[in-house]
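Here is what each chain is made of, one letter per residue.
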Amino acid sequence: MMWRSPLARVRDALRGQKVREKDLRNLVSNLPYEGLDKWKQPNRYFPGNSIKTSKYTLLLFIPMNLFEQFHRLANLYFVGLAILNFVPVVNAFQPEVALIPICVILCLTAMKDAWEDFRRYQSDKRLNSMPCLIYSRKVKQFVERYWKDVRVGDFVKVVCNEIVPADLLLLHTSDPNGVCHIETANLDGETNLKQRRVVPGVCITDPEFEAESFNSIVVCEKPNINLNHFKCYVEKPDKDKVGAGIENLLLRGCTVRNTDHAVGFVVYAGHETKAMLNNNGPRYKRSKQERRLNIDVMFCVILLLTMCLVGALGHYLWLQTLPGLPPYLVPHSNGHLDSPSLSSFYMFFTMIILLQVLIPISLYVSIELVKIAQIFFITNDIDLYDEETDSQIQCRALNITEDLGQIEYIFTDKTGTLTENKMVFRRCSIMGTEYPHKENGKTSHWTLKLVCCTCTVVSPHVFIMLTCGAESTSVSRKIDAYLDFFLALAICNTVVVSMATAQRQRVSAEFSVDISSFISAADVKLRDFTKLDALYREISQTCSLHVPRSSSEPAVTPDMVCYEAESPDEAALVYAAKAYGFILLGRTPDSVTVRLPSGEDLRFEVLDTLTFDSNRKRMSVLVRHPISKEYVLYTKGADYAIMELLGTPYAGISDCVSLEKGNQKNIAADTQQHLDYYAKEGLRTLCIAKKVLSGREYESWSADRHRALAAIENREQLIMDTAVQIETNLTLLGATGIEDRLQENVPDTITALREAGIQVWVLTGDKPETAVNIGYACRLLEEEDLLTCTSILDCTLEEVRRYVADPRNVDTTPDISLVIDGRTLAMTLSSDLQERFVELAKHCRSVLCCRVTPLQKSAVVKIIREKLKVMTLAVGDGANDVNMIQAADVGIGISGQEGMQAVMMSDFAISRFKHLKKLLLVHGHWCNSRLANMIIYFFYKNTANVNLLFWYQFFCGFTATAMIDYWLMIFFNLFFTSAPPIMFGILDKDISAEMLLGVPELYRTGQGSGEYRFSTFWVSMLDAFYQSLVCFFIPYLAYRGSDMDIFSFGTPVNTISLFTILLHLSIEIKAWTVVHWVIMLGSVALYFIVTLAYSAICVTCNAYWTLQSQMVDPMFYLVCIITTVVALLPRYTFHVLKNSIAPSPLEQARHLDRMDPITRDQWIKEWRSFRGGGQVKRSGLSVPPSPTLGTSVEAYPPSPTASEITGDEFTLNVISENYNRPVHT
């Protein structure tokens, strides 16, 4: 290796930084430069694939860890005081002794950090040493290397079931169609297979990949965290550019499945890979109590400075009153004493050192221990375990458990969160005729039979013929439309097809979709039809693109096919098409194969796939028909996104002479009528459409599409523009209605949360009618009214204000539910309407937002949290809920059918919405109550103890002298009184879980300030001052005039302080267990054992034999008993009077808890019956008959009128006129 000058190295480093910061990167193959020095490599400026997530090294651990710990102001404060104690003029006691508490805390924290970092180091070493295959020009083949050896520009081969070591641009696969199946569970938690395809036309070597023949330039964007987008193009030697995107990229951490091998070109390595850029480590949030704690610590600092100022001023006055030079004031070496003002200045800092315990050094460590224990109890709660998915609750944010007990607003998604997200195909409308399916088909007598028979070849198109007795002639004229409808269901999706025999080396998470209502074609039930016989004509082999199966190739049966869909909706549609005989057999990047009911296979050439996005609200697949050679675009999407794009009616319908004039124009209206009814039934709706393009139209569009795919700048917008360009003048085929059932116990959970004082908002992308129906089903909505514009919004707001201001309604509040769609929401969130919307929403018991985008979800959460200053919780299950989850104070992800992205970005993860009830009402209440009481007790304990030293200063000339031995002072807070408050914060249970679940209103006690209030803190501090006065002055009066020395006097004072502090905690403990008794009695025993041993062993110490001499004096026991009783009498009396005269709801609940379970449950039942708890009013909506083509609008149930709305309960439906328009963001 040639020597390079330091200047050249610096110049190369600066050039590398500029290259890495460029928006575009030009990458070439490393093979021509193999074996050369690193500085001659073309891709040398980009990092290698070795990763390092550990923070420390062996040599630099101590200084780096100390530097990190000193970012915590409390540690810096105590270290500063310990250093200050080394200054002779201000030291309060032995400097070495002052270092012990902070050193113990720093060492414990350092040990924890070292263990965590060592685990990270082991994980890094394991990953960097994983084997992989890299192509070597020297040996002309792929050789085994480690992950850490991979560099940008290498060619890496990944075999089946192996993990991808870096971000690879896919160039070659073993699949003849250039497809590679991957599983992204390590990135987003999704276990379904995804297809990746090779960059077309770049590597045409087959069957083996020849890496040395690759001489193109790969131009890609600089690394970013977006897992769903990738901009790149490959420039061939002839300057031809081939666009590439995320569909051509294998991300680090993905697993190759069902593909023998794949070869890729490394574009990002190491910490520049998308997986590593998204690895942000554990989430950290500051809880509300932590923010309050910091404020109270500042109050303690102010109190400490005040006490030290009093001490300094007292010392100055004491020196001024001295008649001469007392013998105990030792002058300096020069024979002079400091002036009183200078001595008092020094004494100020000495007092800070003496009274430093007023700031609780061990409080932060104790809080961490308590939260770890709380998380342990939450994760091991058997009621929060889901047996079906074999999953338990996950706590991903370790420091906000107490926030679960202070939630005031819940924002929840609907699909997959309130519902199962297990889709059941229930209804479809084809060419204006509606076909409802009865679940499981038990009651219907009408059956669709799929029977193969011969029929005459009448056209080059493939179709099915539906007959129904006398009506067979008219129905048969719609055959092309029915064929296209079911073909669209089978083709227009991104479902990955795999064989049931394909093996994965993992425990497969089975894709659960309830298809019991259509799993067999013979069980599909139709209404308003006589028995239908499906007649199919044979497909001529000469005009079909289907390749006949050879005799040696086994036939693919429907049972051998497995579907892996990215969403349950797509799976439901594909299974529905399969039930009707249209079986999706295979999908490649260039083709899709469908088996018709007749048994013949059609292979459509896939020209392009326009994937779904939140702006278009639809997806399309452009194919070339294998028989007619037409260019056909199949589109499916939201109804409002499809209806506005309709053009001419279906071509074949206009030729039907038996149809009434103008009936083709009614197809869209009839379909819309069916869609509205589906939505009112709570079904998820989709519209299916098609478009036939001419050859000239396709060629022109294809050129624009190719340029958009090859673009780097503004690529997403160009791709969307080409999609919008072709998705016009669509022909409506029909619509589908898919049922998504509510999860178990969702209505009871929402009812309990509302009774707990929590306002529940549902933010969903569904239609208003669908969302409203679900709102009724889950007891979110009660009655119905209509509000259509912002002027009425003002009127409604004014009426609510008048209702609240009316003296007759002082003790009542209107139960208001607000329903608003995304278009109206966008207007109300504008600057001029935002305040009015928030004020109206503040009076609403629940709010339902429909047709909202992910960004609107997060905007709503942020506005409510910031404007109303409330604690918010967001819960969702999909990637579209991530923004909302991150915007809330507490984010909860549900591990459902839409992957794990919401779980991975959440603070807590649950498997069912019903678990939210116990998580908040029980664990949230316990965590909040326990931690709040422990923090308050910690401040009280330290204040009561340190004030003993402060009162003594009035009798020692404020010289910062202590009457207690320094070691015993340290042991007091470090050992004698440290375990009881931690035990108190972990195990105290003020109310049982049964009572908290039976009376959800008890949760309200923790909302707002809760138990940790400004007044509670200062009452405890005043109580600490009172108790310290009693604990000091009663012994002082008892022993006044005796010949007792100061340390003999300090021993009973310290003992009394221990008894008082522990018995004070005994008063606060709500539920005693064996652990409580052991810890409390153990602390007392430890105090006497350690003090007796220390005073007996340490002959030179000030406390020698002091406790022994005190314990033989009866006065010691009498003083201890009387002083403790007097100190605790006010607090005990206050508790007795408060709980007897004006008991709080919590105290009343504790009284019920002491009853036997049968009596307690009966009381709760009678109490709920008396107040109407759990009885949620429902509007009298009867289930309407299933509409048919001839059903009039009057058959649908009318909306309730104003006269039908009774009482104070009413619902405001804020729906913009013409709401079925696309939402543009």
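Residues numbered from 1 in each chain as written. Predicted model: local features only at pLDDT ≥ 70, side-chain atom pairs only at ≥ 80, totals over all residues. Heavy atoms only, no water.

The protein chain carries the name Phospholipid-transporting ATPase in an unreviewed UniProt entry, which gives Sphaeramia orbicularis as its organism. In the Cofactor (unreviewed entry) part of its UniProt record, the protein chain is described as follows: "Mg(2+)". Its UniProt record gives the protein chain a comment under Sequence similarities (unreviewed entry), which states: "Belongs to the cation transport ATPase (P-type) (TC 3.A.3) family. Type IV subfamily." (UniProt positions renumbered as here; feature names shortened; annotations may be inferred.)

Undergrad: Before we move on, can you summarise the overall build of the protein chain with the specific residues and values?
TA: A tally of helices and strands in the protein chain yields 35 helices and 37 strands. Within the protein chain, the fraction of its 1225 residues that count as buried is 54%. Summing over all exposed atoms, the protein chain offers an accessible surface of approximately 54200 Å²; the carbon and sulfur share of this is 58%. (Helix = DSSP H or I, 4+ residues; strand = E, 2+ residues; numbered from the N terminus. Buried < 20%, exposed > 50% of the residue type's maximum accessible area, 1.4 Å probe, protein only. Areas by Shrake-Rupley, 256 points an atom, 1.4 Å probe, with all protein chains shown as cover.)

Undergrad: Help me get a handle on the pattern of salt bridges, residues and values and all.
TA: According to the stated counting rule, one finds 41 salt bridges in the structure shown. For Glu 1147, the salt bridge identified is with Arg 1154, shortest N-O distance 3.9 Å. Looking at Glu 1147, the relative accessible area reads 13%, which means it is buried. What emerges from the salt-bridge pattern is a single network uniting Asp 386, Glu 388, Glu 420 and Arg 912. (Salt bridge = Lys/Arg side-chain N within 4 Å of Asp/Glu carboxyl O.)

Undergrad: Could you give an account of the pairing of strand E24 (residues 591–595), with specific residues and numbers?
TA: When you tally the buried positions in E24, you get 5 out of 5 residues, the bulk of the element. Neither face of E24 is open: one carries Ser 591, Thr 593 and Arg 595, the other Val 592 and Val 594, and all of them are buried. In the sheet, strand E23 (residues 583–587) pairs with E24 via 4 bridges, with the strands oriented antiparallel. Each bridged residue has a counterpart across the sheet, and for Arg 587 the counterpart in E24 is Val 592. The pairing of E24 with strand E25 (residues 601–610) spans 5 bridges and is antiparallel. Looking at the pairing, Val 594 lines up with Leu 602 of E25. (Pairing = 2+ DSSP bridges.)

Undergrad: Talk me through the environment of Arg 684; I want residue IDs and the actual numbers.
TA: Structurally, Arg 684 can be placed in strand E28 (residues 684–693). In the structure, Arg 684 is positioned 86 residues away from Thr 770 in sequence and 7.0 Å away in space, judged by C-alpha atoms. Setting aside chain neighbours within four positions, we find Arg 684 in contact with Lys 414, Thr 415, Met 423, Asp 569, Thr 736, Gly 737, Ile 738, Asp 740 and Asp 766. A polar side-chain atom of Arg 684 sits 2.9 Å from a polar atom in the side chain of Asp 569. (Contact = heavy atoms within 4.5 Å. Polar contact = N/O pair within 3.5 Å; in protein donor to acceptor, adjacent residues only side chain to side chain.)

Undergrad: Would you mind going over the packing of aromatic side chains in detail, with residue names and values included?
TA: Tallying each qualifying case throughout the model produces 51 aromatic pairs. Ring plane angle 65° and centroid distance 6.1 Å describe the contact between Tyr 409 and Trp 761, whose orientation is recorded as edge-to-face. With Tyr 409 in strand E15 (residues 409–412) and Trp 761 in strand E30 (residues 759–763), the pair connects residues that are 352 residues apart, well separated along the chain. For Trp 761, a relative accessible area of 0% puts it in the buried group. Their ring planes at 65° and their centres at 5.3 Å tell us that Phe 411 and Trp 761 sit as a pair that is edge-to-face. (Phe/Tyr/Trp six-rings, centres within 6.5 Å; stacked < 30°, edge-to-face > 60°.)

Undergrad: Could you give me a rundown of the environment of Asp 413, with the residues and numbers involved?
TA: Mapped onto the elements of the fold, Asp 413 is located in the loop between E15 and strand E16 (419–430). Given the relative accessible area of 4%, Asp 413 is considered buried. When neighbours within four sequence positions are excluded, Asp 413 is seen to be in contact with Leu 418, Leu 763, Thr 764, Lys 857, Val 875, Gly 876, Asp 877, Asp 881 and Met 884. A distance of 3.3 Å separates the side chain of Asp 413 from the side chain of Lys 857, its partner in a polar contact.

Undergrad: Tell me about unusual backbone geometry, and name the residues and values.
TA: Note: most residues except glycine have negative phi, and most peptide bonds are trans. Even without being glycine, Lys 140 reaches a positive phi, approximately 60°. Looking at the secondary structure, you find Lys 140 in the loop between strand E2 (131–136) and strand E3 (141–146). Lys 140 gets classed as exposed once you look at its relative accessible area, which sits at 51%. In this model, Phe 958 sits at a positive phi of 55°, which is unusual for a non-glycine residue. The class of Phe 958 is buried, set by a relative accessible area of 9%.

Undergrad: Please set out the packing of helix H26 (residues 966–976) against helix H31 (residues 1074–1097) residue by residue, giving values where relevant.
TA: Any two packed helices are characterised by the angle at which their axes cross and by the distance between the axes. Close contact between H26 and H31 brings their axes to 11 Å; oriented N to C, the two are set at 155°. Judged on the interaxial angle alone, H31 and H26 are roughly antiparallel. Viewed along their axes, H26 and H31 form a crossing whose handedness is right-handed. Of the residues in H31, those touching H26 at Trp 967, Leu 968, Phe 971, Phe 975 and Phe 976 are Ser 1083, Leu 1086, Tyr 1087, Val 1090, Thr 1091 and Tyr 1094. Residue classes in the contact of H26 with H31 are distributed as 9 nonpolar, 2 polar and no charged. (Axes fitted to C-alpha atoms, helices over the stretch in contact; angles between N-to-C directions. Parallel < 35°, antiparallel > 145°, perpendicular 65-115°, else oblique. Left-handed = near helix turned anticlockwise from the far one by under 90°. Nonpolar A, V, L, I, M, F, W, Y, C, P; charged D, E, K, R; others polar.)

Undergrad: Pulling in residues and values, what's your account of the sheet that holds strand E6 (residues 179–183)?
TA: Across the sheet, which stays open at both edges, the 3 strands sit in the order E7-E6-E12 with antiparallel pairing between neighbours. In the strand order of this sheet, the two ends are held by strand E7 (193–197) and strand E12 (255–257), each with one partner. The average angle at which neighbouring strand axes cross in this sheet is 45°, direction not considered. Here E6 pairs with E7 via 5 bridges, running antiparallel. Residue Cys 180 lies in a different strand from E7, and its bridge partner there is Arg 196.

Undergrad: How would you sum up the side chain of Asp 608? Please name residues and give values.
TA: Structurally, the position occupied by Asp 608 is in strand E25. Reaching out from Asp 608, the side chain makes a polar contact with the side chain of Arg 705 at a distance of 3.0 Å. Ignoring any residue separated from it by four or fewer positions in sequence, one finds Asp 608 in contact with Ser 620, Val 621, Leu 622, Trp 701 and Arg 705.

Undergrad: Give a detailed account of empty space enclosed by the protein, specifying residues and quantitative values.
TA: Counting across every chain of the model gives 8 cavities of 30 Å³ or more. Considered as a void within the structure, the largest cavity measures approximately 290 Å³ in volume. Lining the largest cavity are 20 residues; nearest its centre among them are Pro 101, Gln 356, Val 357, Met 969 and Ile 970. Secondary structure elements with two or more residues in the lining of the largest cavity: helix H3 (73–84), helix H4 (95–128), helix H8 (340–354) and H26. (1 Å grid on protein atoms, 1.4 Å probe; cavity = no way out; pocket = protein on both sides within 12 Å on 5 of 7 lines; lining within 4 Å. Points joined across faces, edges and corners; volume = space filled by probe spheres on them.)

Undergrad: Go over the sheet that holds E23, please, and point to the residues and values.
TA: Read from one edge of the open sheet, 9 strands run E17-E16-E29-E28-E27-E26-E25-E24-E23, paired in antiparallel fashion. Bordering the open sheet on either side are strand E17 (433–436) and E23, each of which pairs with just one other strand. Within this sheet the neighbouring strands show an average axis-to-axis angle of 30°, counted without direction. Summarising the sheet, E25 and strand E26 (residues 618–624) pair through 5 bridges and their orientation is antiparallel. Bridge pairing links Asp 608 to Leu 622 in E26. In the packing of helix H12 (residues 568–579) onto the sheet, contacts are made with E16, E23, E26, strand E27 (631–637), E28 and strand E29 (731–742), and the angle to E16 comes to roughly 45°.

Undergrad: Outline the state of the cysteines, supporting the account with residue identities and numerical values.
TA: Following the criterion strictly, the structure yields 1 disulfide and no others. In this model Cys 1098 forms its disulfide with Cys 1101; the gap between the sulfur atoms is 1.4 Å. Between Cys 1098 and Cys 1101, the disulfide has an S-S torsion of 60° and is therefore right-handed. The same class applies to Cys 1098 and to Cys 1101, which are both buried. Free cysteine: Cys 1120, not disulfide-bonded; nearest cysteine sulfur from Cys 1031 at 9.7 Å. For Cys 1120, a relative accessible area of 5% gives the class buried. (Disulfide = S-S within 2.5 Å.)

Undergrad: Can you explain a nonpolar patch on the surface? Please cite residues and give values.
TA: There is a patch of nonpolar side chains on the surface, built from Met 1115, Leu 1118, Ile 1122 and Val 1126 and spanning about 300 Å² of accessible area. As for its placement among the helices and strands, Met 1115 is situated in helix H33 (residues 1114–1141). In this structure Met 1115 comes out as partly exposed when scored by relative accessible area, which is 34%. (Patch = residues over 30% accessible without salt bridge, like charges linked within 9 Å, V, L, I, M, F, W, Y side chains within 5 Å.)

Undergrad: Quick one: what's the story with helix H16 (residues 715–726), residue by residue and with numbers?
TA: For H16, spanning 12 residues, the distance from its first C-alpha to its last is 17 Å, which sits close to the expected 16 Å at 1.5 Å a residue. Buried within H16 we find Arg 715, Ile 719, Thr 722, Ala 723 and Ile 726. Taken down its axis, H16 places every buried residue within 100° of arc, on the same side. The inward-facing, buried residues of H16 abut strand E10 (241–244), E25, E26, E27, E28 and helix H15 (695–710). (Expected span 1.5 Å × (residues − 1). Arc of directions from axis to C-beta.)

Undergrad: With reference to specific residues and values, describe the pairing of strand E1 (residues 24–27).
TA: Of the two faces of E1, the one holding Arg 25 and Leu 27 is buried and the one holding Leu 24 and Asn 26 is not buried anywhere. Bridge analysis of E1 against strand E8 (residues 217–221) gives 4 bridges, and the strand direction is antiparallel. Following the sheet pairing, Arg 25 is matched in E8 by Cys 220.

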